[in-house]
Amino acid sequence: MRIGVLTSGGDAPGMNACIRAVVRAALASGDQVFGIYDGYRGLVEGKLVEFTRKDVSEILNYGGTILGTARLPEFQYEAVRKLAVDQLKKYDIDALVCIGGDGTYTGALRLHEMGIKTIGVPGTIDNDIASSDYTIGFSTALNTACEAIDKLRDTSSSHQRCSIIEVMGRHCGDLALYSGICCGAEYIITNETGLDKEKLLKSLKENRLNGRRHAIVVISENITDVYQLAKEVESYSGYECRATILGYIQRGGNPTPEDRLLAARLGKYAVDLLHEGTSGVAVGVVDNKLKATPIEEALTMVSEPNVELNKLVQKIS
Ligand code: F6P
């Protein structure tokens, strides 16, 4: 086969490990592989280069993506996608492995509908692709968030402050929930829990009156203005309060072993599926087993709210 591989959407640590797995697995089976630079935008513009084993040497342990990435909202238009299909025909490419999040999956689905064989691989720090228990990049972002929250705890405790820490996740609360548990946050606020401001302020005030030196609040992005919330906490609770937005630091760094392993497994699995003639599916790991789900279904699946973890938080925070 002649297989193309691209990364699209927000970059995620482990994308390189996945590119490497796709390229090496395909070459080992006698395929030709083409790296497509800058996501669907690069595909439309014809930024394709044939890869050898060596082109993916020394990348496994690095964050980011050697292919570059982009968001291309215009890919929703058939005329734009037609340009992509023309490029694939020009290079005689049979199939595409598309590594990214839900926007990437939508693009892969549309190309599948236009007769191109596509496989979606979940690469995003958000862990918001319900067809896989974990997405490539989540473990590393979680590590980064935990390291930062631990550091903020040191200074919060020294100054007897409340720290509000906003983590990424777009509309998914997993980064907040997991990092909050791992760092012993007093409060974890996500889309699932919602923000009950009155309850939070009252509870912080009680904590302060009970002599607790500091408080850590971990909150998902896109919920509220955390700087404004910090002002309200400060004026009501008795704690001095500081807000920190962790931001893009969560997207970088060397992937954890968990992300490298997941990337290797899913990259090789994507190639195996293409060899079987499969198309239009998203690969994932469910209960530690490889699983392929039609992309259409993957895009509409809703993640089970983290019932057990949310109960755990209520008991131990
Ligand atoms: O999807 C990954 C992510 O980092 C989200 O957590 C965040 O909301 C978004 O990307 C930021 O996107 P951009 O890089 O376009 O600012």
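Along each chain, residue indices are assigned from 1 in the same order as the chain's sequence is written. The predicted origin of the model limits local features to residues at a pLDDT of at least 70 and limits the giving and counting of side-chain atom pairs to 80 or more, whereas totals for whole chains, interfaces and linings rest on all residues. Side-chain figures throughout are based on the complete set of non-hydrogen atoms in the structure, without hydrogens or water.

Around the ligand, the neighbouring residues are Arg71, Thr124, Ile125, Asp126, Met168, Gly169, Arg170, Glu221, Tyr248 and Arg251. Polar contacts, as counted here, are pairs of nitrogen or oxygen atoms within 3.5 Å of one another; within protein the pair requires one atom able to donate a hydrogen and one able to accept it, and residues that are adjacent in sequence qualify only if both atoms are side-chain atoms. In the model, an oxygen atom of the ligand is placed 2.8 Å from a nitrogen or oxygen of the Arg251 side chain. Here the accessible surface of atoms and residues is derived via Shrake-Rupley with a 1.4 Å probe, and residues count as covered only by protein chains that are part of the display. Protein burial of the ligand: of its 400 Å² of free accessible surface, 77% is covered by the chains. Judged by the fraction of its atoms near the pocket grid, the ligand is located in the second largest pocket. Each residue belonging to the shell around the ligand can be placed in one class, and the counts come to 3 nonpolar, 2 polar and 5 charged. The two domains that each donate at least three residues to the shell around the ligand are domain 1 (2–137 + 255–300) and domain 2 (139–252). One heavy atom within 4 Å of a molecule or strand makes the whole residue count as near it. Any residue with an atom within 4 Å of a point lines the site, the site being either a cavity, points on a 1 Å grid over the protein atoms alone where a 1.4 Å probe fits but cannot get out, or a pocket, an open set with protein on both sides within 12 Å along at least 5 of 7 lines. By definition, a pocket or cavity contains a molecule when more than half of the molecule's atoms lie within 2 Å of the pocket's grid points. Polar here means any residue outside two lists: the nonpolar Ala, Val, Leu, Ile, Met, Phe, Trp, Tyr, Cys and Pro, and the charged Asp, Glu, Lys and Arg; Gly therefore counts as polar. The start and end points of each domain follow an automatic or database-based domain assignment.

What follows covers the domain arrangement of the protein. Under the domain assignment, the protein is made up of domain 1 (2–137 + 255–300) and domain 2 (139–252). Any two residues whose heavy atoms approach within 4.5 Å at even a single point are treated as in contact. Taken together, the contact pairs 15 residues of domain 1 with 14 residues of domain 2. Buried area, as used here, totals the accessible surface that two parts lose on assembly, with accessibility defined by a 1.4 Å probe and the loss added over both. Between domain 1 and domain 2, roughly 1200 Å² of surface is buried when both sides are summed, and carbon and sulfur atoms account for 47% of that area. For the domain 1 face of the interface with domain 2, the top three residues by lost area are Ile125, Asp126 and Thr256, together amounting to 41%. One side-chain nitrogen of Lys or Arg within 4 Å of one carboxyl oxygen of Asp or Glu is enough to make a salt bridge. Summed over the shared surface of domain 1 and domain 2, the number is 2 salt bridges. In this structure, Arg170 and Asp126 form a salt bridge, with 3.9 Å as the shortest nitrogen-oxygen distance. For the pair domain 1 and domain 2, the number of links is 10 residue pairs in polar contact (both at pLDDT 80 or more). For the side of domain 1 that touches domain 2, the per-class residue count stands at 5 nonpolar, 4 polar and 6 charged.

Where helix H5 (residues 138–159) contacts helix H6 (residues 174–182), the two axes come as close as 9 Å, and the packing angle between them is 50 degrees. If you check the angle between H5 and H6, you find them oblique. The handedness of the crossing between H5 and H6 comes out as right-handed. Taken together, the residues of H6 that come into contact with H5 (itself represented by Phe138, Ala141, Leu142, Ala145, Cys146 and Ile149) are Asp174, Leu175, Tyr178, Ser179 and Cys182. Its residues assigned to classes, the contact of H5 with H6 shows 9 nonpolar, 1 polar and 1 charged. For helices, the axis comes from a line fit to the C-alpha atoms of the stretch in contact; other axes are also lines fit to C-alpha atoms, and the angle between any two N-to-C directions lies between 0 and 180 degrees. The way it works is that DSSP assigns letters per residue, a run of H or I at least four long becomes a helix, a run of E at least two long becomes a strand, and they are numbered from the N terminus. With respect to orientation, any angle under 35 degrees is reported as roughly parallel, any angle over 145 as roughly antiparallel, any angle of 65 to 115 as roughly perpendicular, and every other angle as oblique. By definition, any crossing whose near helix is turned counterclockwise from its far helix by less than a right angle is left-handed, and any crossing with a clockwise turn is right-handed.

The terminal C-alpha atoms of helix H9 (residues 257–275) lie 27 Å apart, and with 19 residues this matches the ideal 27 Å at 1.5 Å per residue to within 8%. Note on exposure labels: buried denotes an accessible area under 20% of the residue type's maximum, exposed denotes more than 50%, and partly exposed covers the range between, all computed with a 1.4 Å probe on protein chains only. Taken together, the buried positions of H9 are Asp259, Leu262, Ala263, Leu266, Gly267, Tyr269, Ala270, Val271, Leu273 and Leu274. With its phi angle positive at about 90 degrees, Gly277 sits one or two positions after the end of H9. Helices are assigned an expected span. That span is 1.5 Å times one less than the residue count.

Mapping Leu48 onto the fold places it in strand E3 (residues 48–51). You can call Leu48 buried: its relative accessible area is 8%. Sequence-wise, Leu48 and Val5 are 43 residues apart; in three dimensions their C-alpha atoms are separated by 9.4 Å. Setting aside chain neighbours within four positions, we find Leu48 in contact with Gly35, Ile36, Leu43, Tyr91 and Ile93.

Grid points are joined across faces, edges and corners, and a volume is the space filled by probe spheres set on the points. Computed from the structure, the largest pocket encloses a volume of approximately 810 Å³. In terms of lining, the largest pocket is formed by 29 residues, of which the most central are Ile129, Ala130, Val302, Ser303 and Glu304. Contributing elements (two or more residues each) for the lining of the largest pocket: H6, strand E11 (289–294) and helix H10 (295–300). Residue contributions to the lining of the largest pocket peak at 3 residues, all from H10. Here the lining of the largest pocket is composed, by residue class, of 10 nonpolar, 9 polar and 10 charged. Two domains each put at least three residues into the lining of the largest pocket: domain 1 (2–137 + 255–300) and domain 2 (139–252). Taken as a whole, the second largest pocket holds about 600 Å³ of empty space. Sorting elements by how many residues they give to the lining of the second largest pocket places helix H4 (residues 102–113) first, with 6 residues. Each residue belonging to the lining of the second largest pocket can be placed in one class, and the counts come to 9 nonpolar, 13 polar and 10 charged. Both of domain 1 (2–137 + 255–300) and domain 2 (139–252) provide at least three residues apiece to the lining of the second largest pocket.

Here the focus is the pattern of salt bridges. Per the stated rule, a full pass over the model turns up 14 salt bridges. One salt bridge connects Lys151 with Glu147, and the closest N-O pair in it is separated by 3.7 Å. Residue Lys151 and its partner Glu147 are located together in helix H5, separated by 4 residues, close to a single helical turn. Across the pair, exposure class does not vary: Lys151 and Glu147 are exposed alike. One salt bridge connects Lys268 with Asp272, and the closest N-O pair in it is separated by 2.6 Å.

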